[in-house]
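# Report on the structure
What follows is each chain in one-letter form.
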Protein chains: 2
Amino acid sequence: MSVQERKQRERAERERLIVATARELAEQQGWDAVTTRRLAERIEYSQPVLYSHFRGKREIIGAVALEGAAELAVALRAATSAADGPRARVTALARAYLDFAERNPAVYDAIFQLDGGLAFAHEDTPAPLKDAFAALLESLGEVAGDGVDTGLFTELFWASLHGLATLTRAGRLPPPETGRRVELLVDRLAVLP
Amino acid sequence: MSVQERKQRERAERERLIVATARELAEQQGWDAVTTRRLAERIEYSQPVLYSHFRGKREIIGAVALEGAAELAVALRAATSAADGPRARVTALARAYLDFAERNPAVYDAIFQLDGGLAFAHEDTPAPLKDAFAALLESLGEVAGDGVDTGLFTELFWASLHGLATLTRAGRLPPPETGRRVELLVDRLAVLP
DNA sequence: CTTGAATGTCTAGCGATGCTAGAATCGGTG
DNA sequence: CACCGATTCTAGCATCGCTAGACATTCAAG
């Protein structure tokens, strides 16, 4: 069945191409510019081909979101593993998170703002999303403070970062002071042992 | 020139009707359902009439946002004025904020998520938006802590609330624990004199 | 090598969307 | 009452997500 295998491989390859192209287009010109027609043209196939891989545009956004979540987890772990001590780890984590959001706004939106048809905070949440949250929890769990649930603390810290990320990018918060806000956030929320 | 005055009055009245109808439609069925056709039908005029009042859908969203921001400011001040002491005030503020976001999701989106063509964090920011921020600052300024800029502290607290509001509504955070998250947030961020 | 069926892809089109030009109608004024 | 300017509507454009059915390609059997 080598023929079928080759076809499957090519199909998977094309699917990766679709996701990568959608992501690229979204980062370059925003998600509004990611139309099925433009996307089809870029991958040099017709529109219906997209629908043979995904149910619709939502699922394509969802695929970009999963890819992005995996990268976010990697970036967070890389940042924290390079830091010494809980305090430095949390600061590095926060910076890495906001950095990711700033550098990959479209991907960040796909993960947290847009509707990619993904389940959250459930058992059937996709693995990459769970893992990204786990990456947060790993460093934040050690500064939650006595008697405070680490999950709840992580949710709160994450929400704060998310708020900073989205409000800053939407022009609601002036970017220059981002660093000071992060310092204040870590100062106040993290309880050092 | 009584005739012109009457016309102006009727025109202003119709503009209010457009904004109110857009808001109602958005709260009932989401902003995606607020199409120029549906909106025109509901106010019993044709589409071009909308464009004689607003440049486009964006400006309509912006008008809803300004109206909502004014209400948010009122709600925040009502909540804080009924509380005794800085700590109680801040808790009441946080609850009122999240309550507003939960009860008026479409309006909240118009203010903080969607593009209503509004300027933020500038001098030419519309008054209602500035005032809503001022309402936050009034109560948060007294718990910023020594040596911490009250504006910066307010921005951070606001971002945290915004993150909680949006992530919760998007199904990213389980709603039942909202209360505990708010308590933790106030506990950690607010510095009592 | 030919042929038939199955698989894959494309063309063309549907119902909506935001927005607008030009026709039609309305209303105040001489 | 009749006209003319302001107002409103009809009808249409380009584009959107999505899909049915025509077309092409590929593989296996004769």
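Here is what the cut-offs are and how they apply
Residues numbered from 1 in each chain as written. Chains lettered and ligands numbered in written order. Predicted model: local features only at pLDDT ≥ 70, side-chain atom pairs only at ≥ 80, totals over all residues. Helix = DSSP H or I, 4+ residues; strand = E, 2+ residues; numbered from the N terminus. Buried ≥ 20, exposed ≤ 12 C-beta atoms within 10 Å, placed from the backbone. Contact = placed C-beta atoms within 7 Å. Near = placed C-beta within 6 Å. Nonpolar A, V, L, I, M, F, W, Y, C, P; charged D, E, K, R; others polar. Least-squares fit on C-alpha atoms with pLDDT ≥ 70 in both.

The name given to chain A in an unreviewed UniProt entry is Transcriptional regulator, TetR family, with Actinoplanes regularis as the source organism.

Let us look at the overall build of chain A. Assigned secondary structure in chain A consists of nine helices and zero strands. Each helix (α) and strand (β) of chain A, taken in turn from the N terminus, gives the series α-α-α-α-α-α-α-α-α. Summarising its shape, the C-alpha atoms of chain A cover approximately 60 × 40 × 30 Å along the three principal directions. Residues counted as buried form 40% of the 193 residues belonging to chain A. Considering only contacts within chain A whose residues lie at least 6 apart along the sequence, 63% involve residues at least 24 apart.

This part covers the protein's contact with DNA strand D. Among the 17 residues in the neighbourhood of DNA strand D, the closest are listed as A:T35, A:G56, A:K57, B:S46 and B:P48. At the level of elements, α2 (36–42), α3 (47–53) and α4 (57–81) of chain A together with α3 (47–53) of chain B are the ones that each hand at least two residues to the surface near DNA strand D. When residues in the surface near DNA strand D are grouped by element, the largest group, four residues, is from α3(B). The residue makeup of the surface near DNA strand D, split by class, is six nonpolar, seven polar and four charged.

Next up on the list: the interface of chain B and chain A. Between chain B and chain A, the contact holds 25 residues from the first and 25 residues from the second. Elements with a contribution of two residues or more to the side of chain B that touches chain A: α8 (150–169) and α9 (178–189) of chain B. Ranked by residues supplied to the side of chain B that touches chain A, first place goes to α8(B) with 10 residues. Looking at the side of chain B that touches chain A, its residues break down into 15 nonpolar, four polar and six charged.

What follows concerns unusual backbone geometry. At A:E44, a residue that is not glycine, the phi angle is positive and equals roughly 60 degrees. Residue placement: A:E44 occurs in the loop between α2 and α3.

As a further point, take the relation of the copies chain B and chain A. Between chain B and chain A, the superposition needs a rotation of 180 degrees and an axial shift of 0.0 Å, giving an RMSD of 0.1 Å. Taken together, the rotation and translation describe the operation of a two-fold axis. The fraction of interface residues of chain B whose copies in chain A are also interface residues reaches 100%, indicating that both copies meet through the same surface.

Residue and element names in this part refer to chain A. Of note, D32 is situated in the loop between α1 (2–29) and α2. Residue D32 is classed as exposed on the basis of its 7 C-beta neighbours within 10 Å. Through-space distance from the C-alpha of D32 to that of G117 is 17 Å; in sequence the pair is 85 residues apart.

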